[in-house]
Amino acid sequence: MPTFITYGSFSNEGCKGLIAKPEDRAVALKPMFDAVGATIQNIYFTTGSNDVIVISEAPDGTDTVTLGMVVAASGAMSSIETVRAWTSAEFVEIAQRAGSIASSYSPPGS
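Brief notes about the confidence of the model for the protein chain
Thinking step 1. Mean pLDDT for the protein chain: 95, with 100% of residues reaching 70 or above.
Thinking step 2. Within the protein chain, the element-level pLDDT minimum falls on helix 3 (residues 61-74), averaging 94, and the maximum on strand 3 (residues 52-57), averaging 97.

So, in structure tokens, the structure goes:
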């Protein structure tokens with residue numbers, strides 16, 4: 001399954017919830033991920049512009065958008081961004097494919 005990386009920042013309400021009821025968020029999120037056929041590979045709480053990073057695998061991007069919408073609608077997060085990730089070996093295939101069609105592209109103004 002494809003790998004996705006989700007970055008999130010807690011809202012004030014989300015922080016209040018974490019303080020009021022500290023819990024392992026991987027356990028709390030698992031049923032929601034199971035519902036769309038996705039799995040949580042790991043969750044990291046971080047410093048900087050994001051409070052949390054979730055590494056997951058899902059059948060496709062629509063599943064991760066669904067999960068993000070549910071979390072965003074709860075008000076617990078002030079921002080959520082999910083990106084698709086590829087291993088280095090997977091990306092070699094992408095670069096090879098790009099090379100095979102590069103000559104068919106004409107940039108603007110050429």
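Quick notes on helix 3
Thinking step 1. Counted at 1.5 Å a residue, the expected span for helix 3 with its 14 residues is 20 Å, and the 20 Å between its end C-alpha atoms agrees.
Thinking step 2. Every buried residue of helix 3 is listed here: Asp63, Thr64, Leu67 and Gly68. Projected onto a plane normal to the axis of helix 3, the buried residues spread over an arc of 135 degrees and lie on a single side. Away from its buried face, by an angle of more than 90 degrees, helix 3 presents the exposed residues Thr62, Val65, Met69 and Ala73.
Thinking step 3. Buried residues along helix 3 sit in contact with strand 1 (3-10), helix 2 (25-35) and strand 4 (77-85).

Points about the side chain of Asp63
Thinking step 1. Counting through the fold element by element, Asp63 comes out in helix 3.
Thinking step 2. Reaching out from Asp63, the side chain makes a polar contact with the backbone nitrogen of Asp60 at a distance of 3.0 Å.
Thinking step 3. Once you skip the residues sitting within four places of it in the chain, Asp63 turns out to touch Val36 and Ala58.

Quick notes on the pattern of salt bridges
Thinking step 1. A full pass over the atoms with the stated rule returns 3 salt bridges.
Thinking step 2. Taking the shortest distance from any N to any O, the salt bridge between Glu13 and Lys16 comes out at 3.4 Å. Pair noted here: Glu13 and Lys16 are both in helix 1 (residues 12-20), with a separation of 3 residues, about one helical turn. Residue Glu13 shares its accessibility class with Lys16, and that shared class is exposed.
Thinking step 3. Its salt-bridge partner being Glu23, residue Arg25 comes within 2.6 Å of it at the nearest N-O pair.
Thinking step 4. Assessed through its relative accessible area of 25%, Arg25 is described here as partly exposed.

Calculation rules
- Residues numbered from 1 in each chain as written.
- Predicted model: local features only at pLDDT ≥ 70, side-chain atom pairs only at ≥ 80, totals over all residues.
- Heavy atoms only, no water.
- pLDDT = per-residue confidence, 0-100.
- Helix = DSSP H or I, 4+ residues; strand = E, 2+ residues; numbered from the N terminus.
- Expected span 1.5 Å × (residues − 1).
- Buried < 20%, exposed > 50% of the residue type's maximum accessible area, 1.4 Å probe, protein only.
- Arc of directions from axis to C-beta.
- Contact = heavy atoms within 4.5 Å.
- Polar contact = N/O pair within 3.5 Å; in protein donor to acceptor, adjacent residues only side chain to side chain.
- Salt bridge = Lys/Arg side-chain N within 4 Å of Asp/Glu carboxyl O.

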